[in-house]
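A structural walkthrough
Okay, here's what each chain looks like letter by letter:
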Amino acid sequence: MKYIIYGTNRVAKDFLYIFDNMEILYFTESRPSHAHFLGYPVHDLNYALQDTAYDQIILCDFDKTEKRALLEQQNLSYGKDF
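Residues numbered from 1 in each chain as written. Predicted model: local features only at pLDDT ≥ 70, side-chain atom pairs only at ≥ 80, totals over all residues. Heavy atoms only, no water.

Description of the pattern of salt bridges
- Here the structure, examined in full by the defined rule, presents four salt bridges.
- As a salt-bridge pair, Glu72 and Arg68 come within 3.0 Å of each other at their nearest N and O atoms. One end of the pair is Glu72 and the other is Arg68, both in helix 3 (residues 65–73) and four residues apart, which spans about a single turn.
- In the salt-bridge network here, residues are joined through shared partners; they are Glu29, Asp61 and Lys67. (Salt bridge = Lys/Arg side-chain N within 4 Å of Asp/Glu carboxyl O. Helix = DSSP H or I, 4+ residues; strand = E, 2+ residues; numbered from the N terminus.)

Section: unusual backbone geometry
- Phi is positive for Leu38, close to 55 degrees, though the residue is something other than glycine.
- Structurally, Leu38 is set in the loop between strand 3 (36–37) and strand 4 (40–44).
- Take Leu38: its relative accessible area is 42%, and that puts it in the partly exposed class.
- A positive phi angle, close to 65 degrees, is found at Asn75, a residue other than glycine.
- The topology assignment puts Asn75 in the segment after helix 3.
- For Asn75, a relative accessible area of 68% translates into the label exposed. (Buried < 20%, exposed > 50% of the residue type's maximum accessible area, 1.4 Å probe, protein only.)

Purely geometric numbers; function is a separate question.
Structural data, given as structure tokens:
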């Protein structure tokens, strides 16, 4: 499966350390502040939502409420799409 990680923070870094054999396409953020994170490209969330090459988005944040709400507003389903 191919994944996009939503969040460029300590949680994402720890996630990659634990799950180091997953196929990560890139990271996404609502308002990216840098072009790369941990060697992966970082794209705007709108870019990721238009992408069809991934299977799931993984939320990485201490408080996922805002990120989850943004994805649900785009008609994505928790547990299926992310």
